[in-house]
Amino acid sequence: MTWETFIYFAIPSVILWAAGAYFAFRDKRKLALTLTITGILVFAAYIAGIWISLERPPLRTMGETRLWYSFFLPVAGLMTYLRWKYKWILSFSTILAFVFILINIFKPEIHNKTLMPALQSPWFAPHVIIYMFSYAVLGAATVIGLYFLIRKNDKSISESVMHLIDNLVYVGTAFLTIGMLIGAVWAKDAWGHYWSWDPKETWAAATWLGYLIYTHYRNHKPKNLRNALVVLILSFVLLQVCWYGINYLPSAQGVSVHTYSLD
Amino acid sequence: MAEFFKKRFFMWKHPWGYKEGFTISAGLVLTGILLQLTTGAVNTDFLQFPVNVFLGGLYIIFIVVLSFISNKNTSIRWLSGMTASITSISAFLLLVLIMGLTRQSGVHDNSGILGVLGFKNMLSSWSFVLVFIYMMSVLALVTLRRLKHFRWKKDIPFLLNHLGLFITLFAAVLGNADMHRYQMVVGSENPEWRATEDSGKIIEMDLAIELNDFTIDEYPPKLMLIDNHSGKTLPEKQPVTLLIEKAPTAGSLLDWDVSISNVLENAAPVVGRDSVHFVEFHSEGAAAAVYVTAANRKSGKQAAGWVSSGSFLFPYHALKLDEKVSIVMPDREPKRFASDVNVFTKDGKNIHSVIEVNKPLKVNGWKIYQISYDERMGKWSNISKFELVKDPWIGWVYAGIILMISGAIGLFVTGKTAYENKGEND
């Protein structure tokens, strides 16, 4: 299994997910579930294959984290569909996953086998996988929020949509918290301190604080939807900076221990 | 109408809202700036045991007393409410954002407006410290308020999250000055007792490390292309690479079909009259070398020769493919490095162990981390660099972290419904 074979798994997955999303719209629940799950399994087979052939978890490069992101979006979509039965959620998750798959097909990053010693830890896989799941769920919440913020006024946003966004944010924030804390425990073993205010950590803290403001504000002013959605979207911007934006930030150049080097 | 104007333009009339909340936060930032300008940065070194325990105890008593008088005082009661929470988190977030956008210098750097305000060294700036203490106090008061009306089951995720966060932050702050980190460089001759502080000061430890053996396992050699004129990799910053796991092997790098017929893990160059070739060499300083044959798919150009990463003893050796491009072997990446050590303590222990990255050794309250080696020597390094860390408050931090993880799981399981507030807010 190499990166070249990705397209032969990704495209069938996307087709299966799109078909699943279509049947969800048509209220053919069983068909929608079967197709979506099959798509997820096909995609999972590729991840398993590349994991085995790389002889390390595929979690190091940006391309590899995008791989997990496009895997978790349909998973999160499916969970939401099962739990709250929104028939449009599978279309959302399919489109988002497709975007990340396209990036990986047209602009894959270097996928070599090497993994520096600092990343060789049992904490590595759970830390990144939990973060990617959280990013996927929060991404879905943001897209829904953005749609309603642009297209509708406060009054036409239904209670149930807001309830969905809140639930996604709660799940996403819970995973964000767990991912961050697992990272802290790992950092103690790898670097000697659980929190060093390294640029990646600073932006992870900022992201987390953003979602705390959202959840608290929703409890405090449940009627003021517009402000809440703005906070939601700004928090997702912070998340982007934390995920890959710091690679371009002048203040973070060459000082991050998250790009571990030996000097 | 009069009510409207009152609400719009007059502050500090209860109930307080966001305006008052943000004003308090802004006041703290401003006070911090004034303190920064008059007294300089905050120094928390004095917070060592037992001062930290004493002040921490006083702080807890102070917060508990505040919590009790909050029944009678509306302003203090406000501090345990939603508006105070949201505005204090927002103020803290703002400072974290400034920190994320400003290169943190570590040493006291007062240049520029951000330096004068202390924001180039955010963690010891007065504004950050004041807003942090304010946010932590609001967190404590919120937690105590909920504890006073605690409802089983319903309030458990709330308590785990808030109490867990408070314990983590509190222990992290109080434990900071009690944490010691020293570096120790150990050679192969004698056990080493001395370590150095960040400041360069040398300290005699109550434990010694003897290095029996230092080993590096490396990833297989790899090849990449560079531009002959600029020396930069192709494509720049994201070079294509070919990992050589076995010989013979073949692959491609951009337009070049590459085949490798011979791989020598440990080799030395032999300089001939008009060429260099490599032979097996099993002593200190040996470098990896491979014999490469390359052909360009477009131009049909061909080239063959040895490529080596070099070592501290031998220079690297590239193969020029054409006028523009050469093929090189970058320094090999370490897969694992580890030190086989004996650790002696002054109380008579003698522990034999292997220390490697991600696997520190725990001795007498110290954790010994493998951090580096002599990089110039690479795999032939005969020294090993360790970091020794003592962090007596770590147990409290872990306790807080475990509470928070349990709380997050609770949040995930119960979702929003179980977490809604019960009208306690302003």
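Given the structure is predicted, the values throughout are model-derived calculations rather than measurements.

Let's shift gears to the overall build of chain A. What chain A contains, in helices and strands, is 8 helices and 0 strands. For chain A, the N- to C-terminal ordering of α and β elements is α-α-α-α-α-α-α-α. Rg of the C-alpha trace for chain A: 19 Å, near the compact-globule value of 18 Å for 263 residues, within the 12% margin. Among the 263 residues that make up chain A, the fraction classed as buried is 62%. Restricting the contact set of chain A to residue pairs at least 6 apart, pairs at least 24 apart contribute 79%. As presented, chain A carries roughly 10,700 Å² of accessible surface, and 69% of it is formed by carbon and sulfur atoms. Counting 21 positive and 12 negative side-chain charges, chain A places the centres of these two groups 14 Å from one another.

Attention now moves to the overall build of chain B. Counting its regular elements, chain B contains 9 helices and 17 strands. Against the globule reference of 22 Å for 426 residues, chain B gives a C-alpha radius of gyration of 31 Å, more extended than a compact globule. Taken along the three principal axes of its C-alpha coordinates, chain B extends 100 × 65 × 50 Å. When each of the 426 residues of chain B is scored for burial, the buried share is 45%. Residue pairs in contact within chain B that sit at least 24 positions apart in sequence constitute 58% of those at least 6 positions apart. By element, 61% of the accessible surface of chain B is carried by carbon and sulfur atoms, the whole surface being about 22,000 Å². In chain B, which carries 42 positive and 39 negative side-chain charges, the distance between the mean positions of the two groups comes to 13 Å.

Residue and element names in this part refer to chain A. Its domain assignment divides chain A into domain 1 (1-114) and domain 2 (116-251). Counting residues at the interface gives 21 residues for domain 1, matched by 23 residues for domain 2. In total, domain 1 and domain 2 occlude about 2,000 Å² of area from one another, counting both sides; carbon and sulfur atoms represent 87% of this. Linking domain 1 with domain 2 are 1 residue pair in polar contact (both at pLDDT 80 or more), by the criterion used here. Counting only elements with at least two residues in the side of domain 1 that touches domain 2, the list comes to α3 (62-84) and α4 (89-106). Ranked by residue count, the leading element in the side of domain 1 that touches domain 2 is α3, at 11 residues. A class-by-class count of the residues in the side of domain 1 that touches domain 2 yields 17 nonpolar, 3 polar and 1 charged.

We now examine helix α8 (residues 156-175) of chain B. For α8(B), with 20 residues, the first-to-last C-alpha span of 27 Å sits near the 28 Å given by 1.5 Å per residue. Burial analysis of α8(B) places 14 of its 20 residues in the buried class, which makes it a mostly covered element.

Ranked by internal contacts, the top residues of the largest apolar core, which has 149 residues, are Phe43(A), Tyr69(A), Tyr135(A) and Ile165(A). It is helix α6 (residues 159-191) of chain A that provides the largest number of residues to this core, a total of 19 residues. Shared between two domains, this core takes at least three residues from each, and those domains are domain 1 (1-114) and domain 2 (116-251) of chain A. Core analysis: the second largest hydrophobic core is formed by 24 residues, Ala118(A), Tyr182(B), Leu207(B) and Trp366(B) among them.

Time to look at the pairing of strand β3 (residues 202-218) of chain B. Every regular strand shows the same layout, with side chains that alternate between the two sheet faces. Residues and elements named next belong to chain B. Two strands pair when backbone bridges link them, and strand β2 (residues 192-196) and β3 are joined in this way by 4 bridges, in the antiparallel orientation. Residue pairing for β3: Ala 195 is matched across the bridge by Ile 203. If you look at the hairpin formed by β2 and β3, you'll find 5 residues sitting between the two strands, and Gly 200 has a positive phi there, around 100°. In this structure, β3 lies alongside strand β13 (residues 334-345), joined through 11 bridges in antiparallel fashion. Residue Asp 217 lies in a different strand from β13, and its bridge partner there is Arg 336.

Turning next to helix α1 (residues 6-25) of chain A. Residues and elements named next belong to chain A. In a regular helix each residue adds 1.5 Å, so 20 residues correspond to 28 Å; α1 covers 29 Å between its end C-alpha atoms and thus fits that length. If you check which residues of α1 are buried, you get Phe 6, Ala 10, Ser 13, Val 14, Leu 16, Trp 17, Gly 20, Ala 21 and Ala 24. Elements that come into contact with the buried residues of α1 comprise α2 (29-54), α3 and α4. Just downstream of α1 lies Asp 27, where phi reads positive at about 65°.

As a further point, take the interface of chain A and chain B. On the chain B side, the residues contacting the 57 residues of chain A number 64 residues. For the pair chain A and chain B, the summed buried area comes to about 5,300 Å², and 66% of that belongs to carbon and sulfur atoms. Taken together, the connections running from chain A to chain B amount to 2 salt bridges. Salt-bridge contacts for Lys188(A) lead to Asp391(B); the nearest nitrogen and oxygen are separated by 3.1 Å. Taken together, the connections running from chain A to chain B amount to 15 residue pairs in polar contact (both at pLDDT 80 or more). Of all the secondary structure elements, the ones that give two or more residues to the side of chain A that touches chain B are α6 and α7 (199-220) of chain A. A per-element tally of the side of chain A that touches chain B places α6(A) first, with 17 residues. Here the side of chain A that touches chain B is built from residues that sort into 32 nonpolar, 16 polar and 9 charged.

This next bit is on the sheet that holds strand β12 (residues 325-328) of chain B. Residues and elements named next belong to chain B. Strand order in the open sheet made by the 4 strands is β5-β4-β12-β11, with antiparallel pairing throughout. The open sheet has two free edges, formed respectively by β5 (241-243) and β11 (319-320), since each of these has just one partner strand. Two elements, β11 and β12, share 2 bridges in a ladder whose sense is antiparallel. Each bridged residue has a counterpart across the sheet, and for Lys 320 the counterpart in β12 is Ser 326.

With that settled, consider empty space enclosed by the protein. It is a probe the size of a water molecule, rolled over the atoms, that shows where empty space is left. Residues and elements named next belong to chain B. Inspection of the entire model under this criterion finds 2 cavities of 30 Å³ or more. In this structure, the second largest cavity occupies an estimated 30 Å³ of space. In this structure, the second largest cavity is lined by Ser 67, Ser 70, Ile 76, Ser 80, Leu 141, Arg 145 and Lys 148. The element contributing the most residues to the lining of the second largest cavity is helix α7 (residues 126-148), with 3 residues. For the lining of the second largest cavity, the class distribution of residues is 2 nonpolar, 3 polar and 2 charged.

Right, let's talk about the side chain of Ser121(A) for a bit. With respect to the element layout, Ser121(A) can be found in the loop between α4 and α5 (124-151). The buried category is assigned to Ser121(A), whose relative accessible area is 14%. Within the structure, the side chain of Ser121(A) is placed 3.0 Å from the backbone nitrogen of Trp123(A), a separation counted as a polar contact. With residues up to four places along the chain from it excluded, the contact list for Ser121(A) reads Trp186(A) and Asn358(B).

All names here are of chain A. With respect to the helices and strands, Ala 45 occurs in helix α2. When the C-alpha positions of Ala 45 and Phe 9 are compared, they lie 8.2 Å apart, and in sequence the two are 36 residues distant. Ignoring any residue separated from it by four or fewer positions in sequence, one finds Ala 45 in contact with Met 1 and Phe 9.

Right, let's get into the packing of α7(A) against helix α8 (residues 225-243) of chain A. Residues and elements named next belong to chain A. Running from amino to carboxyl end, α7 crosses α8 at an angle of 165°, the nearest separation of the two axes being 8 Å. With respect to α8, the axis of α7 lies roughly antiparallel. In this structure, α7 crosses over α8, and the sense of that crossing is left-handed. On α8, the residues that touch Lys 200, Trp 203, Ala 204, Ala 206, Thr 207, Gly 210, Tyr 211, Ile 213, Tyr 214, Tyr 217 and Arg 218 of α7 are Leu 225, Asn 227, Ala 228, Val 231, Leu 232, Ser 235, Phe 236, Leu 238, Leu 239, Val 241, Cys 242 and Trp 243. When grouped by side-chain class, the residues that make up the contact of α7 with α8 number 17 nonpolar, 4 polar and 2 charged.

The rules behind each value
- Residues numbered from 1 in each chain as written.
- Chains lettered and ligands numbered in written order.
- Predicted model: local features only at pLDDT ≥ 70, side-chain atom pairs only at ≥ 80, totals over all residues.
- Heavy atoms only, no water.
- Helix = DSSP H or I, 4+ residues; strand = E, 2+ residues; numbered from the N terminus.
- Rg over C-alpha atoms; globule rule 2.2 N^0.38 Å.
- Buried < 20%, exposed > 50% of the residue type's maximum accessible area, 1.4 Å probe, protein only.
- Contact = heavy atoms within 4.5 Å.
- Areas by Shrake-Rupley, 256 points an atom, 1.4 Å probe, with all protein chains shown as cover.
- Lys, Arg positive; Asp, Glu negative; His and termini not counted.
- Charge placed at Lys NZ, Arg CZ, Asp CG, Glu CD.
- Domains from an automatic or database assignment.
- Buried area = accessible area lost by both parts, 1.4 Å probe.
- Polar contact = N/O pair within 3.5 Å; in protein donor to acceptor, adjacent residues only side chain to side chain.
- Nonpolar A, V, L, I, M, F, W, Y, C, P; charged D, E, K, R; others polar.
- Expected span 1.5 Å × (residues − 1).
- Core = buried A, V, L, I, M, F, W, Y, C linked by side-chain atoms within 4.5 Å.
- Pairing = 2+ DSSP bridges.
- Salt bridge = Lys/Arg side-chain N within 4 Å of Asp/Glu carboxyl O.
- 1 Å grid on protein atoms, 1.4 Å probe; cavity = no way out; pocket = protein on both sides within 12 Å on 5 of 7 lines; lining within 4 Å.
- Points joined across faces, edges and corners; volume = space filled by probe spheres on them.
- Axes fitted to C-alpha atoms, helices over the stretch in contact; angles between N-to-C directions.
- Parallel < 35°, antiparallel > 145°, perpendicular 65-115°, else oblique.
- Left-handed = near helix turned anticlockwise from the far one by under 90°.

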